[in-house]
Amino acid sequence: MSSVLCVDPDGGTTLMPWSDDELQRALLIRAGVAGPADTGVYHRRAVLHVHGNGQAERLPLNLAVWVLASVWRGIELPYGLHGTVMVTGPQSQELEADLVAEVQAVCVAVAEVRAEWQNRPPASERAARAEVLAAARYARDALRAPTA
C-alpha cells in the first residue's frame, strides 16, 4: 500500500494510504475534497485534486496549496485553490517520497509565515504574497540543496 497527501485549508497535511484499486482511489479523492474533483498539474510528477466548485461553494482558500502550485509553476497563480486538496502522483499513482517532503516543507513554511503575521502584519497584500512565496521557495530549495 502506497501513500498520497491530503492538505487541509489550514495547511495541515495528512499522509493517507493509497489503495491499488482504482475505484477505491476515486472514492478517497472524492471524500478527501468533499465533492467532485478537478485535477491540476503544476509539477510533472504530481497532480493536485481540488474541489470542482470550491470557490462557488465558498470553501476556504487553501493558501498553502496555492503557494505550492505557484512555486511549482514558477509564477504567481492569478486564481485561488479552495478547500481540502489531495496530492497524488501522475495518473493517480502514489506520491514519491521527495515530493511528499517538498509539499510538507512548503506547508510548514506557509504556516510559519502566517504565524509571524499575528505579531507583524504584512504591509500589503502584494507584500504578503511575496513573503509567503519567498519562504516556500526557500523551503523547497533547502530540500534540493546538496549536502556536504
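Rules behind the numbers
- The residue numbers shown here count from 1 along each chain, following its written sequence.
- In keeping with the predicted nature of the model, local features appear solely for residues at pLDDT of at least 70, side-chain atom pairs appear and are counted solely at 80 or more, and the whole-chain, interface and lining totals rest on all residues.
- The side-chain quantities take in all heavy atoms of the structure and omit both hydrogens and water.
- The score called pLDDT rates the predictor's confidence residue by residue, from a low of 0 to a high of 100.
- The numbering of helices and of strands both runs from the N terminus, where a helix is a DSSP run of H or I of at least 4 residues and a strand a run of E of at least 2.
- Multiplying 1.5 Å by the helix residue count minus one yields the expected span of that helix.
- Only protein chains enter the accessibility calculation, which uses a 1.4 Å probe; a residue is then buried when its area is under 20% of its type maximum, exposed when over 50%, and partly exposed in between.
- Throughout, the arc means the angular range of directions from the helix axis out to the C-beta atoms.
- The contact definition used throughout considers only heavy atoms, calling two residues in contact when any of these lie within 4.5 Å.
- In protein, a polar contact means a hydrogen-donor-capable atom and an acceptor-capable atom, both N or O and within 3.5 Å, with residues adjacent in sequence counting only if both atoms are side-chain atoms; elsewhere, any N or O pair within 3.5 Å suffices.

### Brief notes about the confidence of the model for the protein chain
Overall, the prediction assigns the protein chain a mean pLDDT of 93, with 97% of residues at 70 or greater. The secondary structure element of the protein chain with the lowest average pLDDT is strand E1 (residues 2-7), at 88, and the one with the highest is helix H2 (residues 63-73), at 98.

### Comments concerning helix H4 (residues 125-144)
In this model, H4 (20 residues) spans 29 Å end to end at C-alpha, consistent with the 28 Å of a helix rising 1.5 Å per residue. If you check which residues of H4 are buried, you get Ala128, Val132, Leu133, Ala136, Ala139 and Arg140. Along the long axis of H4, the arc covered by the buried residues comes to 125 degrees, so they all point the same way. H4 presents Arg126 and Tyr138 as exposed residues on the side facing more than 90 degrees away from its buried surface. On its buried face, H4 is in contact with H2 and helix H3 (97-116).

### Things to note about the side chain of Thr88
Turning to its location among the elements, Thr88 is positioned in strand E5 (residues 85-88). Residue class for Thr88 comes out buried when judged on its relative accessible area of 0%. A polar contact is formed between the side chain of Thr88 and the side chain of His49, at a distance of 2.9 Å.

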